[in-house]
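Read off the chains here:
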Amino acid sequence: GDSVTQTEGLVTLTKGLPVMLNCTYQTTYSPFLFWYVQHLNEAPKLLLKSSTDNKRTEHQGFYATLHKSSSSFHLQKSSVQLSDSALYFCALSGITGNTGKLIFGLGTTLQVQP
Amino acid sequence: NAGVIQTPRHKVTGKGQEATLWCEPISGHSAVFWYRQTIVQGLEFLTYFRNQAPIDDSGMPKERFSAQMPNQSHSTLKIQSTQPQDSAVYLCASSLDFEQYFGPGTRLTVL
C-alpha cells in the first residue's frame, strides 16, 4: 500500500544552521506530495506542495523538490530560526486513482536552539 | 474566513460512554476529512466525504465509530462505548482541491 517514511524523529539544530528533513514515499498513483508544519497545540498547516517532477517549490524560506526517480521530497532550509521549532509532516496523495486522503509520515520534530 | 471549526476542543469521557465530535468546514469546500493523531501512530486517515456523500471510510474502526455529513456545513464523528485507546486528537480538514485545511482538533480523553 501507499506509505510515507520520515527517517528522523527528532532533529536538534542551532539557529542559523541549514536543515534537511527526509521524506520518501511509496505509491502506485501519480503522486502529490505535501509538507505540513504543526506548532504546539495548533492545527497542521500546509507549508509546501508539489506534483511536478524535478521542480523546486519554495515557501517561507523552506524548499523541496519532488524526485520521482528516487521517490523523495526532502524539506530544506538554509538557515533555521527559533520560530521554525515545530513538528513537520510529509504527506502523500494521488492525482489519479486515489480518493484524496492524505497518507502521513510519522513526523519529524525540529528543535532550534539559540 | 474562520477556517475549519471543531467543537468541543477538549472532551473527557468515561470508559463506555459515547462521544460526538463536530466539524464545520470552510464555506464552499466540497470535501471533508477526519484524521486521528496520536504520539505512537501519528496522523491516521479515518474517513472522507465529498459533496456530503461518503467516499472512503477505509480508516474507520469497524465497530463503534461512525461519521455523518447531514449538510454541507457540518460533519460529525461519533464514537460509541469509548475505550482508553480511543484517546487522541481528532482532526477535521476540508478542501476544494488537493490542499487540505485543518481545524484545531478535538482532544478526546477516555478515562
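Summarised in this report is the structure supplied together with it. Owing to the predicted nature of the structure, the values given are computational and were not obtained by experimental measurement. (Residues numbered from 1 in each chain as written. Chains lettered and ligands numbered in written order. Predicted model: local features only at pLDDT ≥ 70, side-chain atom pairs only at ≥ 80, totals over all residues. Heavy atoms only, no water.)

On the secondary structure map, B:Ser95 appears in strand β9 (residues 88–95). Filtering out sequence-adjacent residues up to four positions away, B:Ser95 remains in contact with B:His29, B:Ser30, B:Ala31, B:Phe33 and B:Gln100. (Helix = DSSP H or I, 4+ residues; strand = E, 2+ residues; numbered from the N terminus. Contact = heavy atoms within 4.5 Å.)

Of the residues lining the interface, 21 residues belong to chain B; the matching set on chain A comes to 20 residues. Counting each side, the surface lost to burial between chain B and chain A is near 1,600 Å², with a carbon and sulfur contribution of 59%. Counting the surface chain B buries against chain A, the share from its top three residues, B:Leu43, B:Phe98 and B:Phe102, is 38%. Seen at the junction of chain B and chain A, the total is two salt bridges. The salt bridge partner of B:Glu99 is A:Lys49, with a shortest N-O separation of 2.8 Å. Counting every contact that joins chain B to chain A gives six residue pairs in polar contact (both at pLDDT 80 or more). Within the residue set of the side of chain B that touches chain A, elements represented by two or more residues are β4 (31–38), β5 (42–50), β6 (53–56) and β10 (100–102) of chain B. Looking at the side of chain B that touches chain A, the element that brings in the most residues is β5(B), giving four residues. (Buried area = accessible area lost by both parts, 1.4 Å probe. Salt bridge = Lys/Arg side-chain N within 4 Å of Asp/Glu carboxyl O. Polar contact = N/O pair within 3.5 Å; in protein donor to acceptor, adjacent residues only side chain to side chain.)

Bringing the layout of surface pockets into the picture now. In this model, the largest pocket occupies a volume close to 700 Å³. In terms of lining, the largest pocket is formed by 27 residues, of which the most central are A:Gln38, A:Leu40, A:Leu87, B:Gln37 and B:Arg107. Put simply, the parts of the chain that give the lining of the largest pocket at least two residues each are β10 (86–94) of chain A together with β4, β9 and β11 (106–110) of chain B. The greatest single-element share of the lining of the largest pocket, amounting to four residues, is contributed by β11(B). (1 Å grid on protein atoms, 1.4 Å probe; cavity = no way out; pocket = protein on both sides within 12 Å on 5 of 7 lines; lining within 4 Å. Points joined across faces, edges and corners; volume = space filled by probe spheres on them.)

Moving on to the side chain of B:Gln83. All names here are of chain B. Tracing the chain through its elements places Gln 83 in the loop between β8 (74–79) and β9. The exposure class of Gln 83 is buried, given its relative accessible area of 18%. Apart from the residues lying within four places of it in its own chain, the contact partners of Gln 83 are Lys 15, Gly 16, Arg 64 and Val 110. (Buried < 20%, exposed > 50% of the residue type's maximum accessible area, 1.4 Å probe, protein only.)

Time to look at the sheet that holds strand β7 (residues 56–59) of chain A. Residue and element names in this part refer to chain A. Read from one edge to the other, the open sheet built from four strands follows the order β3-β9-β8-β7, with strand pairing classed as antiparallel. Since the sheet does not close on itself, it has two edges, and those belong to β3 (19–21) and β7, each with one partner. Neighbouring strand axes in the sheet, compared pairwise and without regard to direction, differ in orientation by 20° on average. In this sheet, strand β9 (residues 75–77) lies alongside strand β8 (residues 62–65) in antiparallel orientation, the contact comprising three bridges. In the strand pairing of β9, Phe 62 is matched with Lys 77. (Pairing = 2+ DSSP bridges. Axes fitted to C-alpha atoms, helices over the stretch in contact; angles between N-to-C directions.)

With that out of the way, let us pick up the nonpolar core. Within the largest apolar cluster, 25 residues are counted, with the highest numbers of intra-cluster contacts made by A:Leu33, A:Trp35, A:Leu47, A:Leu75, A:Tyr88 and A:Leu110. Going through the elements one at a time, β2 (10–14), β3, β5 (31–38), β6 (45–50), β8, β10 and β12 (108–113) of chain A are the ones with two or more residues in this core. Looking at this core element by element, the count peaks at four residues for β10(A). Each residue touching A:Leu33, except ones within four places of it in the same chain, is listed here: A:Cys23, A:Tyr25, A:Leu48, A:Lys49, A:Ser50, A:Leu66, A:Phe73, A:Cys90, A:Ala91 and A:Leu92. Core analysis: the next-biggest nonpolar cluster, separate from the first, contains 19 residues, B:Cys23, B:Phe65, B:Leu77 and B:Cys92 among them. (Core = buried A, V, L, I, M, F, W, Y, C linked by side-chain atoms within 4.5 Å.)

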